[in-house]
Amino acid sequence: MTAAKQIKPQVPLKDFYTIQDVAALIQVSENAVRDLAYRELDPLPFRRLFTRMRGMFITHRGLATVWAAS
């Protein structure tokens, strides 16, 4: 393998994905994923556990719906 090729992180198929998982899947920073979740127009459909920021997750179906729409 050449140095120019980057190894992409592997994210297993799950029912729920964290911000870190989504960042690895779409190859952006975690802050970029948070920005996408909080934008006014067409935000990523993240949910929160117990209304805390640290417990945000997105369902597999919700993420698939976003990808299908784009």
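Definitions and cut-offs
- Residues numbered from 1 in each chain as written.
- Predicted model: local features only at pLDDT ≥ 70, side-chain atom pairs only at ≥ 80, totals over all residues.
- Heavy atoms only, no water.
- Helix = DSSP H or I, 4+ residues; strand = E, 2+ residues; numbered from the N terminus.
- Buried < 20%, exposed > 50% of the residue type's maximum accessible area, 1.4 Å probe, protein only.
- Contact = heavy atoms within 4.5 Å.
- Areas by Shrake-Rupley, 256 points an atom, 1.4 Å probe, with all protein chains shown as cover.
- Core = buried A, V, L, I, M, F, W, Y, C linked by side-chain atoms within 4.5 Å.
- Phe/Tyr/Trp six-rings, centres within 6.5 Å; stacked < 30°, edge-to-face > 60°.

Caption draft 1: Quick peek at the overall build of the protein. Helix and strand counts for the protein come out as three helices and two strands. When the helices and strands of the protein are listed from N to C terminus, the series reads β-α-α-β-α. Across the 70 residues in the protein, those meeting the buried criterion constitute 23%. In the protein, of all internal contacts separated by at least 6 residues, the share reaching a separation of at least 24 is 33%. Surface summary for the protein: the accessible area is close to 5700 Å², and the carbon and sulfur share equals 56%.

Caption draft 2: The nonpolar core, seen in detail. Counting residues in each nonpolar core, the largest one holds 11 residues, listed as Tyr17, Ile19, Val22, Ala23, Val33, Ala37, Leu44, Phe46, Met56, Ile58 and Leu63. When residues of this core are traced back to their parent elements, those giving at least two are helix H1 (19-26) and helix H2 (30-38). At three residues, H1 tops the list of elements feeding residues into this core.

Caption draft 3: Examining unusual backbone geometry more closely. The residue Gln27 is not glycine, and still its phi comes out positive at about 60°. Along the chain, Gln27 falls in the loop between H1 and H2. Backbone geometry places Asp42, a non-glycine residue, at a positive phi of 55°. In this structure, Asp42 sits in the loop between H2 and strand S2 (57-59).

Caption draft 4: Layout of the packing of aromatic side chains. One pass over the structure, following the stated rule, counts one aromatic pair. Ring geometry for Phe16 versus Phe57: centroids 5.2 Å apart, planes at 85°, classification edge-to-face. Taken together, the positions of Phe16 in strand S1 (residues 16-18) and Phe57 in strand S2 put the pair 41 residues apart, joining distant regions of the chain. Given a relative accessible area of 46%, Phe16 falls into the partly exposed group.

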